[in-house]
Amino acid sequence: MNNKSIIKKYMPILLIIVIVGLICFFVGKNIGLNTDITSSNTTVEDVKVEKQTISKTITSNGSIESYSSEKLELSTSYYYDSLYVEEDDIVKKGDKILKYTNGKYLYAPYDLVISKISVPNTNSKASTNNYIQVERIDKLKVNMNISETEISNIKLGTNVSIKLNADSSKNYSGEVTKINSIGTYSSSGTTFEVEVTIVNDSSIKIGMSVSCTISIDEIQDALVVPVNAVQINGDRRYVIVVNGKEKKEVDVTTGLSNDKYVEIKSGLTEGEIVRVVTITKQNTIRNSNNKRDNSSYPNSGGPNGNNYNGEKPSRNFDGGNKPN
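Please read these numbers as outputs of a predicted model, since none were measured by experiment. (Residues numbered from 1 in each chain as written. Predicted model: local features only at pLDDT ≥ 70, side-chain atom pairs only at ≥ 80, totals over all residues. Heavy atoms only, no water.)

Undergrad: Would you mind going over the pattern of salt bridges with me for this structure?
TA: Enumeration according to the criterion identifies eight salt bridges in this entry. Linking Glu249 and Arg236 is a salt bridge whose minimum nitrogen-to-oxygen distance equals 3.0 Å. Placement of the pair is Glu249 in strand 19 (residues 246-251) and Arg236 in strand 18 (residues 236-243), with a sequence separation of 13 residues. Given a relative accessible area of 31%, Arg236 falls into the partly exposed group. One salt bridge connects Arg236 with Asp251, and the closest N-O pair in it is separated by 2.6 Å. You can see Arg236 sitting in strand 18 and its partner Asp251 sitting in strand 19, a full 15 residues away along the chain. Among the residues examined, Asp251 registers a relative accessible area of 46% and is labelled partly exposed. Overlapping salt bridges bring together Arg236, Glu249 and Asp251 as one network. (Salt bridge = Lys/Arg side-chain N within 4 Å of Asp/Glu carboxyl O. Helix = DSSP H or I, 4+ residues; strand = E, 2+ residues; numbered from the N terminus. Buried < 20%, exposed > 50% of the residue type's maximum accessible area, 1.4 Å probe, protein only.)

Below you can see the structure in the form of structure tokens.
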């Protein structure tokens, strides 16, 4: 069969494939099949420059652990008589754990939980294989993971505020008792494990989940504005001051900042009005049923972001843009 005959034979099939492909393309385009549309919403708010206490904190979640695990040794000189506890029992300091035949006892050296028991037969001497394993609970600990950018702010003895997730109405006070010298790397950056010790008031149990907060700086009566009010352009930081219908750019010197506010060291006075521009981006994805899946997220824009009436949206100081 020559080439012309082959082309003639399969030409109808090729034409059908092309036509079906074109139909699918135009139908999909018409209904917006899997189309990802991004839109943005800009909000503008004029706020007053005011004084307040501004603080910067580090927070981390974790779970309560025993302060230490220990095997209490049994006397190899006495004969074992009887046991006063079972596994998982809570025993207060000074309470009896077991009795020897000569009338002597093994007492709890501190508040503890019995985790494992290995005792000899009654009227037998203990060997080195016999012990009472306990978890100390008069003091407890929790580990925090601190980022490499903040670890320099943490010192031994630093106070830590702790809240139980089961009861956030009460604050517990702990302190940093150990800082690991070797960090753990991940795609989001390196973190260092910090051990925090807590004195137990008998209401905290091993395994409870907690939230830990460390205050690394605080300023009383600081002049502050919302973080998004400060525009960043290279080394320059400025705000848009609003006075009636008039607006002007005013350079400022910034200080301490957190996720909500930034301290203004110079450039503004209390009571002035500054403009805050926030951009929220929204993604719309059309699925095969032509239904929209909307998700939105805020974007502070930055000096190179979309302008609103000639004004540049602000950029948060996080992500490498630290205050002067």
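From this point on, the discussion continues.
Undergrad: Even after reading the chapter, I still don't get the sheet that holds strand 7 (residues 96-100), so can you show me in this structure?
TA: The three strands are arranged 5-7-8 in an open sheet whose pairing can be described as antiparallel. Edge positions in the sheet fall to strand 5 (80-83) and strand 8 (105-107), since each has one partner strand and no second. Sheet twist, expressed as the mean angle between neighbouring strand axes with direction ignored, is 25°. Of the strand pairs in this sheet, strand 7 and strand 8 are connected by three bridges, and their pairing is antiparallel. Directly across from Leu98, in strand 8, lies its bridge partner Leu106. (Pairing = 2+ DSSP bridges. Axes fitted to C-alpha atoms, helices over the stretch in contact; angles between N-to-C directions.)

Undergrad: Help me understand the nonpolar core, please; the structure alone is not making it clear to me.
TA: Proteins that are soluble and globular tend to have nonpolar side chains buried together. Counting residues in each nonpolar core, the largest one holds 23 residues, and the members touching the most others are Met144, Ile154, Val160, Ile162, Val194 and Val196. Elements with a minimum of two residues in this core: strand 11 (139-147), strand 12 (159-164), strand 13 (167-179), strand 15 (189-199) and strand 16 (209-226). (Core = buried A, V, L, I, M, F, W, Y, C linked by side-chain atoms within 4.5 Å.)

Undergrad: Which parts of the structure should I look at to understand the environment of Val49?
TA: The residue Val49 is located in the loop between strand 1 (36-48) and strand 2 (50-63) in this model. Along the backbone, Val49 and Val224 are 175 residues apart, and their C-alpha atoms lie at a distance of 6.2 Å. Those residues in contact with Val49 that lie beyond four places of it in its chain are Leu223, Val224, Val225, Leu268, Thr269, Glu270, Gly271, Glu272 and Val274. (Contact = heavy atoms within 4.5 Å.)

Undergrad: Is there a simple way to think about the environment of Glu70 in this case?
TA: By secondary structure assignment, the location of Glu70 is in strand 4 (residues 69-73). In this structure Glu70 comes out as partly exposed when scored by relative accessible area, which is 34%. Sequence spacing of Glu70 and Gln133 is 63 residues, and the spatial spacing of their C-alpha atoms is 5.7 Å. Polar contacts involving the side chain of Glu70 include one to the side chain of Tyr110, which spans 2.4 Å. (Polar contact = N/O pair within 3.5 Å; in protein donor to acceptor, adjacent residues only side chain to side chain.)

Undergrad: Quick question: what am I supposed to make of the packing of aromatic side chains here?
TA: Remark: the centre distance and the inter-plane angle together describe each pair of aromatic rings, the angle taken between the planes. Under the definition given, this model contains three aromatic pairs. Plain terms: the ring middles of Tyr78 and Tyr100 are 5.1 Å apart, the flat faces sit at 70° to each other, and that makes the pair edge-to-face. Taken together, the residues span a long stretch of sequence, with Tyr78 in the loop between strand 4 and strand 5 and Tyr100 in strand 7 at a distance of 22 residues. The exposure class of Tyr100 is buried, given its relative accessible area of 4%. With a centroid separation of 6.1 Å and an interplanar angle of 55°, the aromatic rings of Tyr84 and Tyr105 are classed as tilted. One end of the pair, Tyr84, is in the loop between strand 5 and strand 6 (90-91); the other, Tyr105, is in strand 8, with 21 residues separating them in the sequence. Members of the aromatic cluster, each reached through a chain of ring pairs, are Tyr84, Tyr105 and Tyr107. Between Lys96 and the ring centre of Tyr105, over which it is positioned, the NZ or CZ distance is 4.2 Å. The aromatic ring of Tyr67 is capped on one face by Lys139, whose charged end is 4.2 Å from the ring centroid. (Phe/Tyr/Trp six-rings, centres within 6.5 Å; stacked < 30°, edge-to-face > 60°. Lys NZ or Arg CZ within 6 Å of the ring centre and 35° of its normal.)

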